[in-house]
Amino acid sequence: MKKIHSSFHEAVKNIKDHSTIMVGGFGLVGIPENLILALVESNVKHLTVISNNCGVDDWGLGLLLKNKQIDKMIGSYVGENKEFERQVLEGELEVELTPQGTLAERIRAGGAGIPAFYTPAGVGTPIAEGQEVRTFDGKEYLLQTALTADFSLVRAKQGDRYGNLIYNKTAQNFNPMMAAAGKVTIAEVEELVDAGTLDADQIHTPGIYVQKLIEGEQEKRIERLTVKKHA
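An unreviewed UniProt entry annotates the protein as Succinyl-CoA--3-ketoacid-CoA transferase of Halobacillus mangrovi.

Next up on the list: the overall build of the protein. Scanning the protein from N- to C-terminus turns up 6 helices and 12 strands. Here the protein has a C-alpha radius of gyration of 18 Å; the compact-globule value for 231 residues is 17 Å, and the two agree. With the principal axes as the frame, the protein shows a C-alpha extent of 55 × 50 × 45 Å. Scored against the burial criterion, the 231 residues of the protein give a buried share of 45%. Pairs at least 24 apart in sequence give 71% of the contacts found in the protein among residues at least 6 apart. When the accessible surface of the protein is summed, it comes to about 11700 Å², and 49% of that surface belongs to carbon and sulfur atoms. Each charge class in the protein can be summarised by its mean position, and for the 25 positive and 31 negative side chains these summaries are 1 Å apart.

Ranked by size, the top nonpolar core spans 31 residues in total, and within it Ile15, Ile21, Leu35, Leu39 and Val49 carry the most contacts. Mapped by element, the contributors of at least two residues to this core are α1 (8-11), β2 (20-23), α2 (33-42), β3 (47-50), α3 (61-66), β4 (70-75) and β9 (149-160). For this core, the element with the most residues is α2, which contributes 5 residues. Discounting residues that sit within four places of it in the chain, Leu35 has contacts with Phe8, Ala11, Val12, Leu153, Val154, Ile186, Glu188 and Ile214. Ranked by size, the runner-up nonpolar core spans 21 residues in total, among them Ile74, Ala149, Phe174 and Val189.

Bringing the environment of Val29 into the picture now. Examined against the element boundaries, Val29 turns out to sit in the loop between β2 and α2. Remark: the alpha-carbon pair of Val29 and Asn168, spanning 139 residues in sequence, is separated by 9.7 Å. Not counting residues within four places of it along the chain, the set of residues in contact with Val29 comprises Thr170, Ala171 and Asn173.

Under the criterion given, the structure shown has 2 aromatic pairs. Their ring planes at 70° and their centres at 5.7 Å tell us that Phe136 and Tyr141 sit as a pair that is edge-to-face. Grouped by ring-pair contacts, the aromatic residues Tyr118, Phe136 and Tyr141 constitute a single cluster.

For the rest of this paragraph, the subject is helix α4 (residues 82-89). Here α4 has its buried residues at Glu83, Phe84 and Gln87. Buried residues along α4 cover an arc of 105° about the axis, so they all sit on one side. Away from the buried face of α4 by more than 90 degrees, exposed residues Lys82 and Leu89 are located. Among the residues of α4, the N-terminal cap falls to Asn81, whose side-chain oxygen and the backbone nitrogen of Glu83 are separated by 3.1 Å.

Reading the values: rules and limits
In this numbering scheme, every chain counts its residues from 1 along its sequence in written order. A pLDDT threshold of at least 70 governs which residues receive local features in this predicted model, and a stricter bar of 80 or more applies before side-chain atom pairs are shown or counted, although totals over entire chains, interfaces and linings include all residues. Remark: hydrogens and water are excluded; side-chain values derive from all non-hydrogen atoms of the structure. Helix and strand definitions follow DSSP, with helices as H or I runs of at least four residues and strands as E runs of at least two, each counted in order from the N terminus. Each radius of gyration is computed over the set of C-alpha atoms, and the globule rule expresses the reference value as 2.2 Å times the number of residues to the power 0.38. Residue burial is assigned from relative accessible area. The probe radius is 1.4 Å, only protein chains are included, and a residue is buried under 20% of its type maximum, exposed over 50%, and partly exposed in between. Any two residues having at least one pair of non-hydrogen atoms within 4.5 Å are treated as being in contact. Computed with a 1.4 Å probe, the accessible areas rest on the Shrake-Rupley method; for each residue, only the protein chains presented here act as cover. Charge convention: Lys and Arg are scored as positive, Asp and Glu as negative, and His as well as the terminal groups of each chain are ignored. In plain terms, the charge of a residue is placed at NZ if it is Lys, CZ if Arg, CG if Asp and CD if Glu. We call a set of buried residues a nonpolar core when its members are Ala, Val, Leu, Ile, Met, Phe, Trp, Tyr or Cys and they connect through side-chain atoms within 4.5 Å of each other. Geometry of aromatic contacts follows a simple scheme: Phe, Tyr and Trp rings, the Trp one being its six-membered ring, pair when their centres are within 6.5 Å, and the pair is stacked under 30 degrees between planes, edge-to-face over 60, tilted otherwise. Working definition: the arc comes from the directions between the helix axis and the C-beta atoms, pointing outward to the latter. The term polar contact refers here to a pair of N or O atoms within 3.5 Å; inside protein, the definition further demands a hydrogen-donor-capable atom paired with an acceptor-capable atom, and it admits residues adjacent in sequence only when both atoms are side-chain atoms.

Here it is as structure tokens:
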């Protein structure tokens, strides 16, 4: 059985200053929002965060950013966050932008124990500056190193007491690979069930990758609401 927490603050208490954390989600879909809120309230500082994006100004990782708890961000998209833009322009935040597919593969490689790989994405762009480039079969490829983290925070629809997780539809995004790439993975689940309840053929993350679980309701905000205008 895995460690089951009843308090989100207790679940994140071992995340200290200068930790590297991976945070699942894409936009606001599948983010471990309650764990993020607990981190904000813990006031832990100098974090390196690996995530597809940095939330929005008033929700998700944007709250950590606003609270000046992030020193470095490794991600692929930052267009929904004005505070992010301000901190970058003011030199307050270090940013490592990576093509989205490359970011996903760097995380997957980290979880698989693969230290590095070659990809054509980024060749001939600023991303390749200072990086090793090799030619295979007449085509240039850029060396990219794997990513791992001290902690991975993920969000699942269901989890059992052995740590097996099932994600809801597009919430599969970065969550499964991040669950494998963290030294300690903390899973926030909408529903915690008994062992043996989940269909083994439907499990996305085996419990071997998960160390802690906590059950919590999700607000499920819409990142950008677009409605059809009446004629």
